[in-house]
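# Chains, contacts and geometry: an overview
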Amino acid sequence: MTRTLMPAALLALLLVLLAPVPALADTGLGMPGVTEAQAWIVEDSTGRVLAESNADAAFAPASITKVMTAMVALDAGLPMDTEVAMPAHPEDGWEAAQVAGYAVGETSTLEDMLEVLLVYSANDVGYAIAEKVAGSQGAFADLMNEKAAEIGMTRTTFKNPHGLEEDGHESCARDLALMGRYALTHYPFIARMVRTRSVTVPVNGEQRTFYSTDELMPVYSPLIGIKTGKVEAGTTFLGAARKDGLTLYTCVLGCVTDWGRFEDTRAMMEWAFDGATRLTLADPDRTLETLPFAYRFGFSVSVRAQAAVTGLLWPDGTECSYARAALSSDQLGIPGEPAGACLWRQGDRIVGACAYVVDPAVSPDAAWSSDPAAPPLPLQRKAA
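Parameters at a glance
All residue numbers here refer to positions counted from 1 along the written sequence of the relevant chain. For a predicted model such as this one, the threshold for reporting local features is a pLDDT of at least 70, and the threshold for listing and counting side-chain atom pairs is 80 or more; totals across whole chains, interfaces and linings nevertheless cover every residue. Water and hydrogen atoms were dropped before computing side-chain values, which therefore reflect all heavy atoms in the structure. Comment: elements are numbered from the N terminus, with helices defined as DSSP H or I runs of at least four residues and strands as E runs of at least two. We define a salt bridge as a side-chain nitrogen of Lys or Arg found within 4 Å of a carboxyl oxygen belonging to Asp or Glu. Remark: exposure states derive from per-residue accessible area (1.4 Å probe, protein chains only) relative to the maximum for the residue type, with buried under 20%, exposed over 50%, and partly exposed in between. Strands are treated as partners if at least two bridges between them are detected by DSSP. Here, axes are lines fitted to C-alpha atoms. For helices the fit covers the stretch in contact, and angles between N-to-C directions go from 0 to 180 degrees. Working rule for contacts: check all heavy atoms of both residues, and any pair within 4.5 Å makes them a contact. Confidence scores per residue from the predictor, reported as pLDDT, run from 0 to 100. We call a set of buried residues a nonpolar core when its members are Ala, Val, Leu, Ile, Met, Phe, Trp, Tyr or Cys and they connect through side-chain atoms within 4.5 Å of each other.

What follows is about the environment of A191. One can find A191 in helix α6 (residues 188–193). With 33 residues separating them along the chain, A191 and I224 place their C-alpha atoms 8.0 Å apart.

In the structure shown here, the tally under the stated rule is 14 salt bridges. One salt bridge connects K230 with D258, and the closest N-O pair in it is separated by 3.3 Å. In this pair, K230 sits in strand β8 (residues 223–231) while D258 sits in helix α7 (residues 258–275), placing the two residues 28 residues apart along the sequence. What makes D258 partly exposed here is its relative accessible area of 30%. Salt bridges linked by common partners bring E52, D56, R155 and R174 together as one network.

With antiparallel pairing, 5 strands are arranged side by side in an open sheet as β3-β2-β10-β9-β8. Each of the sheet's edge strands pairs with one partner strand only, and the pair in question is β3 (49–53) and β8. Neighbouring strand axes in the sheet, compared pairwise and without regard to direction, differ in orientation by 5° on average. Pairing between β8 and strand β9 (residues 234–243): 8 bridges, direction antiparallel. Across the sheet, residue G229 finds its bridge partner in β9, namely T236. The sheet strands contacting helix α5 (residues 173–186) are β2 (39–44), β3, β8, β9 and β10 (246–255), and the helix crosses β10 at an angle near 140°. This element, α7, spans β2, β3, β8, β9 and β10 of the sheet and lies at about 145° to β10.

What follows concerns the confidence of the model for the protein. Across the protein, pLDDT averages 85, with 87% of residues at or above 70. When the criterion is pLDDT under 50, residues 1–27 qualifies, and its contacts beyond four places in sequence or with other chains add up to 51 contacts.

This brings us to helix α2 (residues 110–120). α2 sits mainly inside the fold: 10 of its 11 residues count as buried. Of all the positions in α2, only L110, D112, M113, L114, E115, V116, L117, L118, V119 and Y120 are classed as buried.

Moving on: the nonpolar core. Judged by nonpolar contacts, the single largest core of 59 residues is most densely connected at M68, V116 and M179. Other than its neighbours up to four places away in sequence, V116 contacts A100, Y102, S121, A122, V125, V199, V201 and F210. Counting residues in hydrophobic clusters, the runner-up holds 25 residues, among them F262, W271, A276 and W314.

We now examine unusual backbone geometry. In this model, G225 is joined to I226 through a cis peptide bond whose omega is 10°. In this model, N54 sits at a positive phi of 60°, which is unusual for a non-glycine residue. Of note, N54 is situated in the loop between β3 and α1 (65–75). The partly exposed category is assigned to N54, whose relative accessible area is 43%. Backbone geometry at D244 places phi at a positive 50°, although glycine is not the residue there.

Written out as structure tokens, the structure is:
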């Protein structure tokens, strides 16, 4: 049986190696082909900026705001089955606003409303959640700004929970990329919902299906979220993507068209993925080391990676290293049993990880077979 998790016994493994890998030279990748965004940034999972332009300029974040709304609502600690009633919301500025269409006074669960908020970007839902959690829009905005300060968003001021344009409601690409990274790494609910293509929930007594506003996800497989936005000042997109151990966070602000925000996002992501160096970190067909075979004295058995692992290294000169834990060389090797693990890093970023196992193809029964027709064992006789 293939093991996918390391058992407690691995806690006893000895860390035998922490070695530097030669740093990669700067390859002069230039800049990504952004065509519409007035401000943009692309970072890795540690917040290291790979490229940026005008990233600190103030822009309307539009419905990217709803990521912070969801975080604050989840922080409030209300049970997900809490009933939330739809309050009356202002008419000014809401003429073309995207809404779920709950009737005033209609109730739904907090969970359903958060799903519609993040997938369909419904403004009326954001309004209702704010009223339920904080009692008023202003009080909820205060909580949003407290959360923004807590996570390091120094150039952001929230005035409402939905992102409709309002004087002073502004952020920047750098702050929003930070918010996206924080949301996906600290809030599993948000991470799951921003990858969801549609949700079906009861609205006014009838089941309604709401489809995601993220049009890039169906056509770009590395994408893992997270939020669209659109206001009179331009379209926006806060994005995240993952490929071969490299996770990217991007933000584009002030785009001209709906699709332009997605095209600019994809251009940044592909620029980063294509510019990184792909390395094979672990190969299950290669013997890492050998151990004494537990079922036949004088023979040894191979230790191999459990699966192939590749990783992407960013060519900016940041030093790379790996740490490997392994069984001591005199411990007996039992086929299929864990034999160690390895973790590769570039700076603070995890590039890849793998588990090592004693070759599971070796059969204890075959080791004792006297049948001359039996296939040869993948064992080595230890030198005397």
